[in-house]
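Given next are the chains, with one letter for each unit.
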Amino acid sequence: MLFASASFIFLFLPLSLAAFYLTPKRHRRQMLLIVSVLFYILANLSSPLSIAVMAVAVTATYFTGLLISPRRSIRRPGQTQADGRRGSAAVLIATVAALAILIALRIVRNSGDGTGYFPLGAAIWLLHCVSYLTDIARGDVQPDSPWDALLYLTYFPLMVVGPVVRYKVFVRCAEQSEYNVNCAAEGMRMFAVGFIERIAVAAVLMDAYEKITDNAASSMNYVLGLCAAALIFVTSFFALVGWSDMARGLSMIFGIRLPDDFGSALTVCTPSDYFSRVFRGLGEWYCDYIKDPLCAALGRSEAGRAVETIGLGCGILWLAVWLKCSPAMLLVGLIASALVTILELSGADGFVRSHKWLWPLGWIVTFLVASVFWTGGVVGSVSELGEMA
């Protein structure tokens, strides 16, 4: 049951909204939690294992957060340092485990005919589990209410393709909930725009892209290749923006405004600007929980400076792993990562930004890099990618 399905739009959403707004304001967060859990159960009726896996992960994450909270350490002064070390160890274990599970699930999903087991939303709630534990261990947020924690870990508007929202950001958004007609109307408008972007634009363009690549598989020329590149460049953006706008619109209908996950990536003049404007939430997660802690741990050493320097390049590779983790996706991720790192180290990015007459050339380079990157996400193998090239 995806957001664009008839069962969701004409049955689940109206009933959920009715139940939500008929509930007294002081209990609406609990009702939203019930709606989120119900959505996940209904969306996974054909895969009960997914429900069990998520239930175990969410329960373990919540109670681990209670154990490692710094506030708990204050109540037991004699064990503050031990609790701090235990919290850091728990966060490290959770991060490594979540990344390992995500990569393993992606590999299983892409093995064979590409229909392997992958729980709905696992790429989101695994990262949210890490964010919850890290923010709790740092003391950025206190586990005051179980409703905030459980709602964050199961929040149904984020379960399809995100956006990825850090726990401390979600708590701030939830605290500023708006239960009024204007917010709901704005959410409905955003959901409708996202639906059009995903169904009326991205789906139609993707159909045209598949016809070109299927019919020209053995006779691809420069004209058809350029058409295919342009289609995948635009299609990928509108498909992802469409899902994101639908998710943010749904959240606004229920009173919670989430941050924008995409910028005007189609018009930027450097590859680094492009990749920094897609999946902003995922990029912030990567910086907050992987890159920045790693740089802080390495300090001013050569390794620390190296990590800081190639941070965005590693972020692009992380995006490739998070999206699909197939050989073709990893290959184009490595290529894009290396190119962006070289352009940044050489100062070419800054030079292009500061000289308007170079913007068209910069856009062409960005277009080519992004097109190759997204092509890696739709082809079945490295050999197929080579044939298209």
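Everything discussed here concerns the structure shown above.
Chemist: What is the right way to look at the overall build of the protein chain in this model?
Modeler: In terms of regular secondary structure, the protein chain is built from 18 helices and zero strands. Counting every position in the protein chain, which comprises 389 residues, the buried fraction comes to 48%. The contacts of the protein chain with a sequence gap of at least 6 include a subset with a gap of at least 24, amounting to 74%.

Chemist: Sorry, what's going on with the environment of S354 here?
Modeler: Note that S354 resides in the loop between α16 (348-353) and α17 (359-378). Of note is the side chain of S354, whose polar atom sits 3.0 Å from the side chain of H355.

Chemist: Just to check I follow, could you spell out the side chain of K291 for this structure?
Modeler: Relative to the helices and strands, K291 resides in helix α12 (residues 280-298). Within polar-contact distance, the side chain of K291 engages the side chain of D292 at 3.3 Å.

Chemist: Can you walk me through the nonpolar core in this structure?
Modeler: One broad rule of soluble globular proteins: the nonpolar side chains tend to lie buried together. In terms of nonpolar packing, the biggest core is built from 101 residues, with F3, F156, F275, W318, W322 and F373 touching the most fellow members. Residues contacting F3, with those up to four places away along its chain left out, are F8, I9, F39, F156, P157, V160, F191, W243, M246, A247 and L250.

Chemist: Looking at this structure, how should I read helix α10 (residues 222-253)?
Modeler: Note: α-helices contain 3.6 residues per turn, so residues at a spacing of three or four share the same orientation. Compared with the 46 Å implied by 1.5 Å per residue over 32 residues, the 46 Å span of α10 between its first and last C-alpha is a close match. α10 sits mainly inside the fold: 23 of its 32 residues count as buried. A positive backbone phi angle near 95 degrees is found at G255, which sits one or two residues after α10.

Chemist: Before we go on, may I ask you to explain empty space enclosed by the protein in this structure?
Modeler: To find leftover empty space, a probe the size of one water molecule is rolled over the atoms. As enumerated under the stated definition, the model contains one cavity of 30 Å³ or more in all. The volume enclosed by the largest cavity comes to roughly 30 Å³. Forming the walls of the largest cavity are V161, P163, L240, S244, D261, F262 and F279. Taken together, the residues of the lining of the largest cavity break down into five nonpolar, one polar and one charged.

What counts as what
- Residues numbered from 1 in each chain as written.
- Predicted model: local features only at pLDDT ≥ 70, side-chain atom pairs only at ≥ 80, totals over all residues.
- Heavy atoms only, no water.
- Helix = DSSP H or I, 4+ residues; strand = E, 2+ residues; numbered from the N terminus.
- Buried < 20%, exposed > 50% of the residue type's maximum accessible area, 1.4 Å probe, protein only.
- Contact = heavy atoms within 4.5 Å.
- Polar contact = N/O pair within 3.5 Å; in protein donor to acceptor, adjacent residues only side chain to side chain.
- Core = buried A, V, L, I, M, F, W, Y, C linked by side-chain atoms within 4.5 Å.
- Expected span 1.5 Å × (residues − 1).
- 1 Å grid on protein atoms, 1.4 Å probe; cavity = no way out; pocket = protein on both sides within 12 Å on 5 of 7 lines; lining within 4 Å.
- Points joined across faces, edges and corners; volume = space filled by probe spheres on them.
- Nonpolar A, V, L, I, M, F, W, Y, C, P; charged D, E, K, R; others polar.

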